[in-house]
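# Structure at a glance
One-letter residues, chain by chain:
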Amino acid sequence: MNDADGLEVSVRLAQRGLDVELQVAPGEVLAVLGPNGAGKSTLLEIVAGLVRPDTGHVRLGGRSLTDIGAGVAVPAHRRQVSLLAQDALLFPHLTATANVAFGPRSRGMRSRAAAAVAREWLRAVDAIEFAGRRPGELSGGQAQRVALARALAVEPRVVLLDEPMAALDVAAAPAMRILLRRALRDAEMSSRRAGPAPSAILVTHDIVDALTLADRVLVVESGHIVEQGPVAEVLSRPRSAFAARIAGVDLMIGTAQAPASLDDSGIGIVRCGPDTIQGRARAPWTPGVRAAAVFSPAAVAVYRERPEGSPRNVFRVRIAELTDRGGVIRVHAADRADGPGVVADLTPAAVAELSLTPGEEVYFTVKAGEVQVYPC
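Read on for an overview of the structure. (Residues numbered from 1 in each chain as written. Predicted model: local features only at pLDDT ≥ 70, side-chain atom pairs only at ≥ 80, totals over all residues. Heavy atoms only, no water.)

## Some thoughts on the packing of helix α3 (residues 111-124) against helix α4 (residues 140-153)
Where we set the bar: Angles run from 0 to 180 degrees between N-to-C directions of axes, and those axes are lines fitted to C-alpha atoms, restricted for helices to the stretch in contact. Numbering of helices and strands starts at the N terminus; helices are DSSP runs of H or I of at least 4 residues and strands are runs of E of at least 2. Should an angle lie under 35 degrees it is considered roughly parallel, over 145 roughly antiparallel, and from 65 to 115 roughly perpendicular; all remaining angles are considered oblique. Crossing handedness is read from the near helix: turned anticlockwise from the far helix by less than a right angle, it gives a left-handed crossing, and turned clockwise, a right-handed one. Residues are treated as being in contact if the distance between any of their heavy atoms lies within 4.5 Å. In this classification, the charged set is Asp, Glu, Lys and Arg, the nonpolar set is Ala, Val, Leu, Ile, Met, Phe, Trp, Tyr, Cys and Pro, and all remaining amino acids, among them Gly, are polar.
The interhelical angle for the contact between α3 and α4, taken along N-to-C directions, is 130°, at an axis separation of 9 Å. The orientation of α3 relative to α4 falls into the category oblique. Like other packed secondary-structure pairs, α3 and α4 cross with a definite hand, here right-handed. Between α3 and α4, the contacting residues are V117, W121 and L122 on the first element and V146, A149, L152 and A153 on the second. Of the residues contributing to the contact of α3 with α4, the split by class is seven nonpolar, no polar and no charged.

## Observations regarding the packing of aromatic side chains
The test is simple: In this scheme Phe, Tyr and Trp rings, the latter by its six-membered ring, pair at centre separations within 6.5 Å, and the angle between planes marks the pair as stacked below 30 degrees, edge-to-face above 60, and tilted otherwise. The rule for a charge over a ring is simple: NZ of Lys or CZ of Arg within 6 Å of the ring centre, and within 35 degrees of the ring normal.
This model, assessed by the stated rule, comprises one aromatic pair. The ring of F91 has R150 lying over it, and the distance from NZ or CZ to the ring centre is 5.8 Å.

## Section: the nonpolar core
Inclusion rule: In plain words, nonpolar cores are sets of buried Ala, Val, Leu, Ile, Met, Phe, Trp, Tyr and Cys residues tied together by side-chain atoms within 4.5 Å. Residue exposure (1.4 Å probe, protein chains only): buried if accessible area is under 20% of the type maximum, exposed if over 50%, otherwise partly exposed.
V100, L122, V146, L148, L180 and V217 are the most contacted members of the largest nonpolar core, which has 50 residues in total. With residues up to four places along the chain from it excluded, the contact list for L180 reads L84, L148, L161, P164, M165 and L213.

## Quick look at helix α1 (residues 40-48)
Counted residue by residue, α1 has seven buried out of nine residues, so it is predominantly covered. Among all positions of α1, only K40, T42, L43, L44, I46, V47 and A48 are buried. A positive phi of about 90° marks G49, the residue just after α1.

## Description of the sheet that holds strand β11 (residues 224-230)
Which entries qualify depends on this criterion: Two strands qualify as a pair provided that DSSP identifies no fewer than 2 bridges between them.
Read from one edge of the open sheet, six strands run β7-β8-β9-β3-β10-β11, paired in mixed fashion. The outermost strands of the open sheet, each flanked by one partner alone, are β7 (81-84) and β11. Across the sheet, the axes of successive neighbouring strands diverge by a mean angle of 20°, strand direction being ignored. Across four bridges, strand β3 (residues 29-33) lies against strand β9 (residues 199-203) in parallel orientation. The partner of L30 across the bridge, within β9, is I201.

## Digging into the sheet that holds strand β17 (residues 313-324)
The sheet built from five strands is open, its strands ordered β16-β20-β17-β18-β19 with antiparallel pairing. Edge positions in the sheet fall to β16 (301-303) and β19 (343-346), since each of these pairs with one other strand and no more. When strand polarity is set aside, the average angle formed by the axes of neighbouring strands in this sheet is 45°.

## Description of the pattern of salt bridges
For clarity, the cut-off: By definition here, a salt bridge exists when the distance from a side-chain nitrogen of Lys or Arg to a carboxyl oxygen of Asp or Glu is within 4 Å.
Evaluation of the coordinates by the stated rule reveals 13 salt bridges. One network of salt bridges, in which partners are shared, links R177, D206 and D209.

## With respect to the environment of A241
As for its placement among the helices and strands, A241 is situated in helix α9 (residues 241-247). Residue A241 is classed as partly exposed on the basis of its relative accessible area of 30%. Not counting chain neighbours up to four residues away, the residues in contact with A241 comprise E221, L251 and P340.

## Some details on the pairing of β19
Neither face of β19 is exposed, since V343 and D345 on one face and A344 and L346 on the opposite face are all buried. Of the pairings in the sheet, the one linking strand β18 (residues 329-333) to β19 comprises four bridges and is antiparallel in character. Among the inter-strand pairings, R330 is bridged to a residue of β19, identified as D345.

## Describing unusual backbone geometry
Its identity is not glycine, yet E155 carries a phi of approximately 55°, on the positive side. Along the chain, the position of E155 falls in the loop between α4 and β8 (158-162). On the accessibility criterion, E155 (25% relative accessible area) is partly exposed. Residues other than glycine seldom take positive phi values, yet S355 does so here, at roughly 55°.

## Thoughts on the side chain of T365
As for its position among the elements, T365 is in strand β20 (residues 361-366). Those residues in contact with T365 that sit more than four places away from it in its chain are A299, V300, A301, Y303, P307, R312, N313 and V314.

## Overview of helix α5 (residues 172-185)
Since the α-helix turns once every 3.6 residues, residues separated by three or four places project in the same direction. Put simply, the rule reads: One fewer than the residue count of a helix, multiplied by 1.5 Å, yields its expected span.
Over its 14 residues, α5 extends 20 Å from the first C-alpha to the last, a length consistent with the 20 Å expected when each residue adds 1.5 Å. By the burial criterion, the buried members of α5 are A172, A173, M176, R177, L179, L180, R182, A183 and L184.

Shown next as structure tokens:
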């Protein structure tokens, strides 16, 4: 990305263990995923100008917003960056219209013109009927719509979304998701703006948010970026335990088996600790490199005794727990020395027939044709 484009972030904050470097193109929506405490919200706070990093810079369209080496720290209200958090954080004494008009007015717009802009954005997010209400008279979903209108009314270059659906009930969240997609994508919203659609960074725990709103996914663990790429690629070929978990697949990380093991059938071998796993691979297959094996929990069969017969991947595991997933019982194996334990999805009848209980040792098997292996 050219320095004159989009958002560029390269920062380090030792106290919170954050050390990241990323770019967001103009109009792009980047979803940031990761476990609690990974540093996702800290990243947004640094971009918004609410937290000062130890080192590094934040640039927007070639303009320095933060540059520790040069002593640059543009105030939050002058960054052309809007933040929409889990809580609407509306001014309790102001009406919805006045809340949305606050930003334009603080930038010098006259009161009547700012109120007209506010009503236009309230209409855009289907909240015009709440124009005269104060926050205490609004539901959580209604307040979040007003907060979205307020965030967009200042014509930001970047919108920061910190789990905006997390505090909403199950009925309000889908409607808010639709509004966010319209706000960030649709031509209808673009016609209300003086400039182009903003870039956005969306912090979320919900994979549906990433699937419906984002162009690209970035996974943060312990303050570091562990993988990133287009949404479909990260979910279909995860390279981190967190991405595999939200994608609903088993992931085993190891080393491509040497000597070269990609034969004419397209089968590659990955050594993961004491086990080897065969799967479908794409050439070239480079021995010795870090490699991943991914498969669905539904493809895993469970046996009391080691199975014989047709070639398959077999792992001896200890059952850690059983969980109900709405008509499917997930059998969790204990964590491996080299990563999280594999899981298998069985019917309740199969679990009863096998008499599976935590603490027992069993065999998990998966056919090579059900496994995808790739360098990572």
